[in-house]
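Take a look at the letters that make up each chain.
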Amino acid sequence: LKGFDMAFIPLMQDDGTTLLDGEHSLVMYKCDPNLLNKLDPSMYVNMPWCVPESGAAIHTQKGSRITPSRDLKLKIRSLVCSTKLTQNVDLLGLLKWRQQPEKLEENLRGTMRVSGEEVVKFLQDTFDALFAIMDQYSERSGRLVFQCLVTIIKLLNDRKFEYFRSVLDAYIQKHFSGAMAHEKLMTQLKQCLDEAVTRTNADQSQVKIMQALQYIFKFIITSRLLYSRATRGKGEQQFKHRLCELFESFNCVMIVKDDAALAFQAAALQHFATIIGEVLKVMEPDEFAVIIKGFIDCIPMNRLIKFKLLCMGHIVTNDIFRFEESRHILMPLFTRQLALYMKHEEHAGKCFDVLGDILKLLQRKDVGIVDENVLEIVVTLLPVVLHRVRMCERYSSSLSGQTVTCFIAILHVMNESHYREFLRASLTKEDLMEFLLQCLEVFHNMVAHGSFPRDWITMLMVFNQVVMRALTYFSEALRMQFQRGQNFRLELWTAYFDLGVAFVTQPSLQLSHFSVAKRNKLMIKYGDMRVVVNREMLNMWSSMSPEQRLMFIPDLVGPFLEVSLIKEDGIRQSTIPVFFDMILCEFNETEDFRQMSSALTDKLDLHVSGAGKGDDEYRTLLFGILSQLCSQNKRLKEAGAMEFINNSSQLLERLLEFRNIPEGDEHRAARMQTILNLLQYYQEMEREGMYIRYIYKLARLHLGSQNFTEAGFTLLLHANLLSWDASPVTVCAEFPAYSSARTQYALKELLYRDIINYFDKGKLWERAIPLCKELAEHCELVTYDYVRLSEIYRTVSELYNNIMTTVRPGKEYFRVGFYGQGFPPFFRNKQFIFRGQEYERLADFTQVVLAQFPSAQVLSHNKRPGLKLTESEDMSIQCAKVEPVSTEQERFIGLRVPSTVVDYYSSNNVSRFILNRPVQRGPKGGNEFAHMGVERTFYSTVSRLPGVLRWFEVMKEECIEITPLENALETMVSKNKELSGVISRAELDAAQLNPLSMCLNGIIDAAVMGGLANYEQAFLAEEYVETHPEDHSKIAELKKLIKEQIVILGKGLDVHMNLAPESVLPLHNKMEKGYEEMRKKYLPGSERRTQQLTLTAADSRPRATSMSSSQGSPSSPAPSRRTSAINVKRLSRSSEDRRSTPNDLVTATMLSLGFPQSKLPPSIPSAKGRARRSMPGYTPGETKKSATLDVPMNRSPSSSPVTPPASPVSERRRAQTITANWPSASMSPPRGFQPFGKTSKSVPSGLMSLSDSSNGASPPPKPPRPSGDLGVQNAKSRAKSIILTPSESLSDPQVLSRSFEFEDRDFNLVPPKPVISQQNSAPASPKPFTDRSPVPRKKLQSSHSSGVPPLPSKGSPLAGRRLESRSPSLPQSVASADSPPVPPKQLRSFSLPASVEDGRLETGSSADEEVHINPSGSRSSIV
């Protein structure tokens, strides 16, 4: 082998111990290589093996072949694990105590300091050595040995060494052989106990003795048994006597009240129960029970309560409590102690633990007879436990589970004898009543609120068995003790019935909710406990006298109704007669049954619709049983009992309908209908509370569907029940938004505000205005809340403005029939009128209805279905559009009412509707209008629409037949009315152009293609007139309607021309041609023009002309529509560039004044300036500086008439040059007219005047530039006027050079002041005006000295207001000395609106007025 270094370490030390654990530095030795094979341990074992801590050198013998290395060292870590070798010197000395007896005490004390790891390795050897020392040196070392034993046993109680306790147990049972050890151990233990009594300070060693008490007694008892076995029972009595003395020492320790002994006493209580099992090996249970009782009694009442209860708990779980004799001794003590400490919150938990262990033990079968023990618990603890249960329920204690469990366990172990003994002898009558009330209350709370989870079926059934048995025994006590005479206690009987109802109706006993297998299993094991308890309740009800039963009416109506609604035929049949008994009791006492009927109605609603109970079988059973019983009592029948029963059955039917409607948006309509049915019932029965409740349910459904109008009507039902006083009100919990209202006035105001808001959202402003007025009256005359009053008036103003300015298309109405047995009862074989949406088509509405009934089929005809269809199991729906018949429009007869107002009443607040079904009354082919009659059906609904629903049931149906001629008349009236409405809406809103175009084109195209011609052939032919003399008046009416339609069409085309953009002009031209054909055919010789004042060629005087006034004029042919008067109106447009038509205004005005086409402007863009002020909603503001272009109203000197343009497009294009040189300018309506007819006395130079055609004056020279005061000028803007002569053009440089630049430019057509000719002047008959201006007429007329009305100032009352007055007469002719005669055919009139805004007299018009001004300056108005 190759040479190497070596090191060694000895295992055993010189003192006999093993090598210590830890690090060691070993010496490295070098060895002669030749010695390796012959190396022996004896050569090096005596050499040093570790490096000295001082670092001294290690010396070896000279000549040794093994030498220490100087540089090398070896470090190791050792750990010795052995069950025979020890590293502790003291423990080794104890184990080898015989070798060194003089060091015994030192070794014993050292052993008590040894670590547990060393002790447990030599556990058996250590105990053998200790007991050997105790036997030999008991007098000298007995106390040290006892202390050493206690120390080692206490060491095993440590959690770290608890697994070695089994080693100690095995040693005691198999290896322990100290037969005399018990004498020494008992002596040492008694000495320690006696010392504890006299010691004034605490000693931890004594506490350790109590902690080791269990194994000390094990050694004592095992030693005694060994001794007794060896001596055959010798000295048994002496041993028991010494044992009793030992326990007396324990009692003496427990009596001590010094606080220094508390630790020792607590340890003794904590470990005393551990010795019971060992003591019972040498002592009888009853004997030891007496010792235990004395031990517990020695403990002072207010000391160590926690440890006392802990000791009692250990005793109960020990074997001594299983013995009947010892249990009889200990039970009174324990119940007394538990009853005392259970009242303390901090100890109640431990008390219930002990009681729970006792009750668990008493239910075992191996513990003997327990009746006396149970009775002891019932008498002593049941009232206390019941009180604790009530406290836990009231304060939600964490001990509620333990408390309830113990309470149920006590009742569970009680039998009939326990109940009777407890109820008979243990309590006085007052105490018994208090106990029963508390017990019934606790049972009711536990049953109603559920003390256990629902899936704990076994626990729930056990609990229900306990309650059922208790109710059975309590009912006997009630009948015996608290029924007769003055002993009757209403509250006690009420609590009994409440508990019985809660028990029968609890979910855990409803067997129908379980599967069949579980239901059968429960029925076999527990039976139907509901039937038992219900039978007991009915017996209790029957045992009372009628006077006593009357005390429970109407309080017990609801509980018994809830019981009767259970799905169990036996329970239903036995409970329903109780209702008749209640009716009879109340009737015999008061001659009516109002309380009973009222309560039954309320509770039916609560349980059926709210809780989801009941079914059709119950309704049939209830009606049948009550009807049968009532029919046997004649007095009840005469008092209206049968009517009440029928009403209850009807209510139950409606409640079931409401409850059976599934949730979801697709079923909202059905839920609304069922709620309406209930509202009608409660209104008839005068049940205001339930009525209000369902009002809010319906309102919530409407708001969820955004039916704001219907929601407003629904809430109005409640508002109508309230008054304007301060009486208190209870708000329904269904709508918490009104919970802040405490008086009827406050609630009604809140309701009105919401209703007005909902009506506003639904565009039903006419219904909101009366509510606002009612609120305003109350604020003004009662509360004097003027701030709120001002807000209300502003709201009213907005509502009125919305009525006049907002386009509201009429709602569509549809008749829907539901036929077949598949529909719900409230829809089955009934007809309804539905209120649809705006512009809703029949096909779309039909799909909405089908969404609610997907399996239904739609009938394709409107015939009345037969019996086969109504009795079928299928579902069939019949939908048709109907027309409303309004009765409100009668008050508008003879009045000129805005169409927006009339349109509202035509389709709202209606309850009568028409369905027309065409019927062929003659042969097919030819003119179908001659044979097309109508079968007209009138439907009357139960309420007006709109209302609380979007539909109502048809209550009446009438059918008549309309002849073909009558059908034609109605068609014409309807079409004319429709056309007028479309025209009116288009005048208010330019966005309605498309409907206007479609309506006009539909009528004109139909007329061209034979629409009116069909009527003419069918009814206006001579053959028909001769054969139907009875229809002459109708034929004349038809002719009149045809002419009226021609007139309306003309007005519609006028409006269409003003609104139509260029893309629609081809359609407009097409309609113009078609209209001309119609007009020539049906109104020959007429011309289409609006009523106006014009100058005729015959006398040059202004007079009123119209379409009819020129029909017979042979002097001049009827002009085309383009040469008729220009009617300029104020039109509402959807955008800024379509608000007025100044382009047409400039061109048309210059044409009417006689300007040649070469002088006309090519085009004018959209106006901005004054046209904006004529729009609705415009607020006058400060006018900017503008450049004004004034065009005189002179005609062209040419003798040839002016040819008007062919289309509106050319007019617009020729007007564009006006703004070509002023890009920032805008057109405004003309200024400076003489609307009041005042003419100037002098004529400015250079102006032409109009004269009669007979005047032969030559054309005047070119007029000079006008003076600065010509026309109406605004002082603020300092606008300049440009006067054009007929020979000048707007594009001439000379004209453009007269322009000036300002901040903004408005082109204004200002006519010159006309001059009144003194020759042939005669006043014309003006059209009267309605004076709406607050300015006196005289003041206005007196200020017209210069021919122009004075301009109101900025702060004048006239500023920003319309002026209307009667226009004075105009002269017959207006002429100038320099102007040539004007040909009659060139005289054209035009119409311009007039108003006063921003301090100047400007043009404008209202929505219902047209102002016509001729060149002569006169004015007329048409409303």
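Residues numbered from 1 in each chain as written. Predicted model: local features only at pLDDT ≥ 70, side-chain atom pairs only at ≥ 80, totals over all residues. Heavy atoms only, no water.

Looking only at helices and strands, the chain has 52 helices and 20 strands in total. Counting across all 1423 residues of the chain, residues that qualify as buried make up 50%. Here the contacts in the chain between residues at least 6 apart in sequence split such that 74% fall between residues at least 24 apart. By element, 51% of the accessible surface of the chain is carried by carbon and sulfur atoms, the whole surface being about 67400 Å². (Helix = DSSP H or I, 4+ residues; strand = E, 2+ residues; numbered from the N terminus. Buried < 20%, exposed > 50% of the residue type's maximum accessible area, 1.4 Å probe, protein only. Contact = heavy atoms within 4.5 Å. Areas by Shrake-Rupley, 256 points an atom, 1.4 Å probe, with all protein chains shown as cover.)

In this section: the packing of helix 34 (residues 688-704) against helix 35 (residues 708-719). Where helix 34 meets helix 35, the axes come as close as 8 Å, and the angle between the chain directions of the two elements is 165 degrees. What the angle tells us is that helix 34 and helix 35 run roughly antiparallel. You can see that helix 34 and helix 35 cross each other, and the crossing is left-handed. On helix 35, the residues that touch Tyr691, Ile692, Ile695, Tyr696, Leu698, Ala699, His702 and Leu703 of helix 34 are Phe708, Glu710, Ala711, Thr714, Leu715, Leu717 and His718. Looking at the contact of helix 34 with helix 35, its residues break down into 11 nonpolar, 3 polar and 1 charged. (Axes fitted to C-alpha atoms, helices over the stretch in contact; angles between N-to-C directions. Parallel < 35°, antiparallel > 145°, perpendicular 65-115°, else oblique. Left-handed = near helix turned anticlockwise from the far one by under 90°. Nonpolar A, V, L, I, M, F, W, Y, C, P; charged D, E, K, R; others polar.)

This model, assessed by the stated rule, comprises 46 salt bridges. With a shortest N-O distance of 3.9 Å, Glu236 and Lys240 are connected by a salt bridge. With Glu236 and Lys240 both in helix 10 (residues 236-255) and 4 residues apart, the pair spans about one turn of that helix. You can call Lys240 buried: its relative accessible area is 18%. We note a salt bridge from Arg835 to Glu710, for which the minimum N-O separation is 3.8 Å. (Salt bridge = Lys/Arg side-chain N within 4 Å of Asp/Glu carboxyl O.)

This part covers helix 4 (residues 123-136). Over its 14 residues, helix 4 extends 20 Å from the first C-alpha to the last, a length consistent with the 20 Å expected when each residue adds 1.5 Å. By the burial criterion, the buried members of helix 4 are Leu123, Thr126, Phe127, Ala129, Leu130, Phe131, Ile133 and Met134. (Expected span 1.5 Å × (residues − 1).)

Moving on, we come to the nonpolar core. Residues Phe288, Leu355, Phe407 and Phe497 are the most contacted members of the largest nonpolar core, which totals 296 residues. Here this core takes 13 residues from helix 21 (residues 457-481), the largest share from any one element. The contact partners of Phe497, leaving out residues within four places of it in the chain, are Met537, Met540, Trp541, Met544, Phe552, Leu556 and Phe560. Among the nonpolar cores identified, the runner-up in size contains 36 residues, and Met972, Leu996, Leu1000 and Val1055 belong to it. (Core = buried A, V, L, I, M, F, W, Y, C linked by side-chain atoms within 4.5 Å.)

A few words now on the packing of aromatic side chains. Applying the stated criterion across every chain, the model contains 58 aromatic pairs. The interplanar angle of 25 degrees and the centroid separation of 5.7 Å between the aromatic rings of Tyr682 and Tyr694 together place this pair among those described as stacked. Here Tyr682, found in helix 33 (residues 668-685), pairs with Tyr694, found in helix 34; they are 12 residues apart in sequence, far enough to count as distant. Side by side, Tyr682 and Tyr694 carry an identical accessibility label, which is buried. On the basis of an interplanar angle of 80 degrees and a centroid distance of 5.0 Å, the ring pair of Phe823 and Phe853 is categorised as edge-to-face. Taken as a pair, Phe823 in the loop between strand 4 (811-819) and strand 5 (830-838) and Phe853 in the loop between helix 39 (842-852) and strand 6 (857-858) lie far apart in primary sequence, 30 residues in all. For the pair Phe823 and Phe853, a shared accessibility class is recorded, and that class is buried. Members of the aromatic cluster, each reached through a chain of ring pairs, are Phe488, Trp493, Tyr496, Phe497, Trp541, Phe552 and Phe560. Residue placement shows Arg322 over the ring face of Phe323; its charged tip is 5.5 Å from the ring centre. Over the ring of Tyr905 we find Arg891, and its NZ or CZ is 4.6 Å from the ring centre. (Phe/Tyr/Trp six-rings, centres within 6.5 Å; stacked < 30°, edge-to-face > 60°. Lys NZ or Arg CZ within 6 Å of the ring centre and 35° of its normal.)

On the surface, a cluster of negative charge is contributed by Glu284, Asp286, Glu287 and Glu325. Along the polypeptide, Asp286 turns up in helix 13 (residues 285-297). (Patch = residues over 30% accessible without salt bridge, like charges linked within 9 Å, V, L, I, M, F, W, Y side chains within 5 Å. Lys, Arg positive; Asp, Glu negative; His and termini not counted. Charge placed at Lys NZ, Arg CZ, Asp CG, Glu CD.)

Here we take up the environment of Phe463. Tracing the backbone shows Phe463 in helix 21. Phe463 sits in the buried class, given a relative accessible area of 3%. As a C-alpha pair, Phe463 and Ile408 span 55 residues in sequence and 6.7 Å in three-dimensional space. Ignoring anything within four residues of it in the chain, the contact list for Phe463 reads Ile408, Phe443, Met446, Val447 and Phe452.

Here the focus is unusual backbone geometry. Of note, the amide linkage connecting Ile553 to Pro554 takes the cis form, showing an omega dihedral of 10 degrees. In this fold, Pro554 is placed in the loop between helix 25 (546-550) and helix 26 (557-564). Cis geometry marks the peptide bond from Leu945 to Pro946; its omega dihedral reads 0 degrees. You can see Pro946 is positioned in the loop between strand 9 (932-945) and strand 10 (951-962). One non-glycine residue with positive phi stands out, namely Asn829, at about 55 degrees.

Overall, antiparallel pairing links the 3 strands, which are arranged 1-2-3 in an open sheet. Strand pairing shows two members of the sheet lacking a second neighbour, strand 1 (5-6) and strand 3 (66-78), which therefore form its edges. As judged from the 2 bridges shared by strand 1 and strand 2 (residues 22-31), these two strands associate in the antiparallel manner. Across the sheet, residue Met6 finds its bridge partner in strand 2, namely Tyr29. (Pairing = 2+ DSSP bridges.)

A few words now on the environment of Ile983. When you line up the elements, Ile983 lands in helix 42 (residues 964-988). The buried category is assigned to Ile983, whose relative accessible area is 3%. Setting aside anything within four residues of it in sequence, one finds Ile983 in contact with Leu996, Ile1048, Lys1051, Gly1052 and Val1055.

Here the focus is the side chain of Gln265. As for its position among the elements, Gln265 is in helix 11 (residues 262-272). Among all residues touching Gln265, those that are not within four sequence positions of it are Val253, Met254, Ile255, Val256, Arg303 and Leu304.

Looking now at the packing of helix 5 (residues 138-156) against helix 7 (residues 181-198). When two helices pack together, their arrangement is captured by the angle between the axes and the distance separating the axes. Between helix 5 and helix 7, the shortest axis-to-axis distance is 10 Å and the interhelical angle comes to 75 degrees. As judged from the angle between their axes, helix 5 and helix 7 are roughly perpendicular. Within the contact between the two elements, helix 5 uses Ser138, Gly142, Arg143, Phe146 and Leu149 and helix 7 uses Lys184, Leu185, Gln188, Leu189, Gln191, Cys192 and Glu195. Counted by class, the contact of helix 5 with helix 7 contains 5 nonpolar, 4 polar and 3 charged residues.

Interpretation in functional terms is not warranted from these geometric data alone.
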